[in-house]
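Analysis of the macromolecular model
Here is what each chain is made of, one letter per residue.
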Amino acid sequence: ANEICKDMELESDMLTIRRFDDGEIIPELKKSVRDADVFYISPFYPNPTERLAEIILVSDALRCSVPERKIAIPTYLGFTRSDKPEGRTSINVRKLAEVFELGEWDYVATVHIHNAASYSAFRVPFDSFLPLPYFRDYFREQLRERGEKAEDYVVVAPDLGRAKYAELFKIV
């Protein structure tokens, strides 16, 4: 978030989240965001449960500040693995989507969700972006700087489900 703001010449330090010893948090906006488009960039990693509570409370702090639009950008979106009922389990992604709905977020964008079926759980505008072109450009540049060839490297998928993405990663 700080790098994005720096690149766009925007102020990044407009929100403080106070954390207490018992785990409670209180988000506080430092400046008015009235009639502004607000982008809240935060991953659900490494502690998705804590970040989920943060999304709920930040949304409420923003609601009190009357922005034009609230746009959530969880760069890693947790709770998307459970997308269909299996016995007596929660459909986590549906509950996650409800958090964004109840928080009155205008738009949610994330980086590549775990399961494409998760799209159907969201009733607010939702997008998931696959950043492969950026990764390819980065690795092309690294190879060029080192004088190495892409043919000398192998992309490995962590499981069969990700093999198709590894294939897309080819550096041509």
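About the criteria used
Residue positions within a chain follow its written sequence, with the count starting from 1. In keeping with the predicted nature of the model, local features appear solely for residues at pLDDT of at least 70, side-chain atom pairs appear and are counted solely at 80 or more, and the whole-chain, interface and lining totals rest on all residues. Side-chain metrics in this entry use all non-hydrogen atoms of the structure; hydrogen atoms and water are not considered. Strands here mean DSSP runs of E at least two residues long; helices mean DSSP runs of H or I at least four residues long; both are numbered from the N terminus. Any pair of N or O atoms that falls within 3.5 Å is considered a polar contact. Within protein, one atom must be able to donate a hydrogen and the other to accept it, and sequence-neighbouring residues count only if both atoms are side-chain atoms. In what follows, a contact means two residues having at least one pair of non-hydrogen atoms within 4.5 Å. Each Phe, Tyr or Trp ring (for Trp, its six-membered ring) is paired with any other whose centre lies within 6.5 Å, and the angle between the two planes then decides the class: stacked below 30 degrees, edge-to-face above 60, tilted in between. Relative accessible area decides the class of each residue, using a 1.4 Å probe on protein chains only: under 20% of the type maximum gives buried, over 50% gives exposed, and in between gives partly exposed. Only when the NZ of Lys or the CZ of Arg is both within 6 Å of the ring centre and within 35 degrees of the ring normal is a charge said to sit over the ring. Pairing between strands is defined by DSSP: at least two bridges between the two strands are required.

Another aspect to go through is the side chain of Ser59. Position of Ser59 relative to the elements: it lies in helix α2 (residues 48–63). At 2.8 Å, the side chain of Ser59 and the side chain of Lys70 are in polar contact. Apart from residues no more than four positions distant in its own chain, Ser59 is found in contact with Lys70, Gly103 and Trp105.

Okay, the packing of aromatic side chains next. Under the definition given, this model contains eight aromatic pairs. Judged by centre distance (5.3 Å) and plane angle (75°), the ring pair of Tyr119 and Phe126 falls under edge-to-face. Take Phe126: its relative accessible area is 10%, and that puts it in the buried class. Taken together through their ring pairs, the aromatic side chains of Tyr40, Phe100, Trp105, Tyr119, Phe122 and Phe126 make up a single cluster. Stacked on the ring of Trp105, the Lys or Arg Lys70 has its end atom at 5.2 Å from the ring centre.

The step from Tyr45 to Pro46 runs through a cis peptide bond, and the omega angle for that step is 10°. Even without being a glycine, His112 presents a positive backbone phi close to 30°.

Relative to strand β5 (residues 107–111), strand β4 (residues 69–73) is paired through two bridges, and the arrangement is parallel. What sits directly across from Ile71, in β5, is Tyr107. Across four bridges, β5 lies against strand β6 (residues 126–129) in parallel orientation. Within β6, the position partnered with Thr110 by the bridge is Ser128.

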